[in-house]
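# Secondary and tertiary structure notes
Spelled out, the chains give:
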Amino acid sequence: MHLHILGICGTFMGGLALVARAAGHTVTGCDTGVYPPMSTQLEEQGIALTEGYGADQMALEPDLYVIGNVVTRGNPLMEAILESGAPYVSGPQWLCEHVLAGRHVLAVAGTHGKTTTSSMLAWILEYAGLRPNFLIGGVARDLKVSARFDPEVPWFVIEADEYDTAFFDKRSKFVHYRPRTAILNNLEYDHADIFPDLAAIETQFHHLVRTIPAGGRIVLPQADAALERVLAKGCWTPTVRFGAGAAWEAGEPDDDGGFEVLHEGRAAGRIRWDLSGAHNRANALAALAAADHAGVAPATGIAALSAFGGVKRRMELRGTVHGVKVYDDFAHHPTAIATTLAGLRRQVGSARILAVLEPRSNTMKLGTMAERLPAALADADLVFCFGAGSGKHALGWDPAKVLAPLGARAVSHDDLDQLVRAVVQAARPGDHILVMSNGGFGGVHGKLLDALAGAAALREQP
């Protein structure tokens, strides 16, 4: 079958393209404004990509058009598909019907940590010799790619996003996945462009809970009020909790981030790694509990996580110049920003942290959570916010006013080159520059590293 995928460079649709090709289908696709790592993966896999959504792509005459949720009415190609009566389907529905059916699906849902936890879980199963299929919204260093499929393998790990499925199907994507094992990592308000409030998201999570069989397992944190409200609506599946006093617990971390794992109150082993933050310890516990349901012994899971190399764009060190380290992180929600900064602060001690933030998600652009940003950025010594003023990067709120509680520590720019110059001018040897965005951010990481390299000298700490 020839599939033509609209919105192929999104993390989910790009992964679906890799899965479809591995399943033996001919795959082409189209998108706009692409950026790595997905564009790189598609090129490496030899998947033909067309820039834009021109109606002339109808000449490809695929057997089926697979529609990503980036596509809206008015899109030229979509209008031509509708007018012609050509067959089309959403990405999640195609995946459900042609790939996930009949497999043991392990789905990872939650507002934060889905990509990292999915990668941990897939890596544990890989380490245990189960060779899992997976579709994840990022690239784990150990797994090399964001998606993999072998028709002979029964296991499938999937990042279960609560965002809507398509313009013609407003249910959350994860309703299509029908997992046997589900991690509900946490739940906060997000996606203000499609959900009016937290209760609306809780309803979608309960739709997911309704699809999990009685012989399955739901893994969730010990204390999350929103998730408890979800389960109170009805739960027909055994639950396993992680956190303080739960079935899976994490001991206090050492200076390198390693920690003891307790299972049912007894020491199960020690994870030795250099990942920082309480959020990563919680992600690890969730992955261990889900892997346990797949038959992986805790000791094996702990050994796997001790060899886990992390995920690209999750506190990824992009380079060091003149003693200044530049990191890339996907954080785009106040809670994620706060936990990422807290983890880095624990790691670097009193060294200066320069936070470079692009509020790029629809929720952040709308300003729904803008008032939470000053507190979320408290661990940063200096804050540089991109997106003020007018133009395509404009925000629905004024960063100068919102970040005023931070005083002179925070500045905003709507010109990327000016922002880079400001960061480099402020940088000193020993600083840590943390770039946070859920997009490409105009290649700012490379721009910063080049500008730092070109600087004649950086001011020493006073």
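The following paragraphs examine the structure supplied in this document. Since we're looking at a predicted model, the values are computed, not measured.

### A closer look at the pattern of salt bridges
Counted by the stated rule, this structure contains 16 salt bridges. Between Glu 79 and Arg 73 there is a salt bridge whose closest N-O contact spans 2.7 Å. We classify Arg 73 as exposed; its relative accessible area is 54%. The salt bridge involving Asp 328 is made with Arg 318; its shortest N-O contact spans 3.4 Å. Here Asp 328, found in strand E19 (residues 324–329), pairs with Arg 318, found in strand E18 (residues 316–321); they are 10 residues apart in sequence, far enough to count as distant.

### Re the pairing of strand E6 (residues 104–109)
Burial analysis of E6 places six of its six residues in the buried class, which makes it a mostly covered element. Along E6, one buried face is formed by His 104, Leu 106 and Val 108 and the opposite face, lined by Val 105, Ala 107 and Ala 109, is buried too. Note that E6 and strand E9 (residues 155–159) share five bridges and pair parallel. Bridge pairing in E9 places Ala 107 opposite Ile 158. Summarising the sheet, E6 and strand E12 (residues 181–184) pair through four bridges and their orientation is parallel. Among the inter-strand pairings, Ala 109 is bridged to a residue of E12, identified as Leu 184.

### With respect to the packing of helix H1 (residues 11–22) against helix H4 (residues 91–100)
The contact between H1 and H4 brings their axes to 11 Å, and the two run at 30°. Here H4 runs roughly parallel to H1, going by the angle between their axes. The two elements H1 and H4 meet at a crossing, and its hand is left-handed. Where H1 approaches H4, its residues Phe 12, Met 13, Leu 16, Val 19 and Ala 20 are matched on the opposing element by Gly 91, Pro 92, Trp 94, Leu 95 and Val 99. A class-by-class count of the residues in the contact of H1 with H4 yields nine nonpolar, one polar and no charged.

About the thresholds
Residues numbered from 1 in each chain as written. Predicted model: local features only at pLDDT ≥ 70, side-chain atom pairs only at ≥ 80, totals over all residues. Heavy atoms only, no water. Salt bridge = Lys/Arg side-chain N within 4 Å of Asp/Glu carboxyl O. Buried < 20%, exposed > 50% of the residue type's maximum accessible area, 1.4 Å probe, protein only. Helix = DSSP H or I, 4+ residues; strand = E, 2+ residues; numbered from the N terminus. Pairing = 2+ DSSP bridges. Axes fitted to C-alpha atoms, helices over the stretch in contact; angles between N-to-C directions. Parallel < 35°, antiparallel > 145°, perpendicular 65-115°, else oblique. Left-handed = near helix turned anticlockwise from the far one by under 90°. Contact = heavy atoms within 4.5 Å. Nonpolar A, V, L, I, M, F, W, Y, C, P; charged D, E, K, R; others polar.

The values reported here are purely geometric and, on their own, carry no functional implication.
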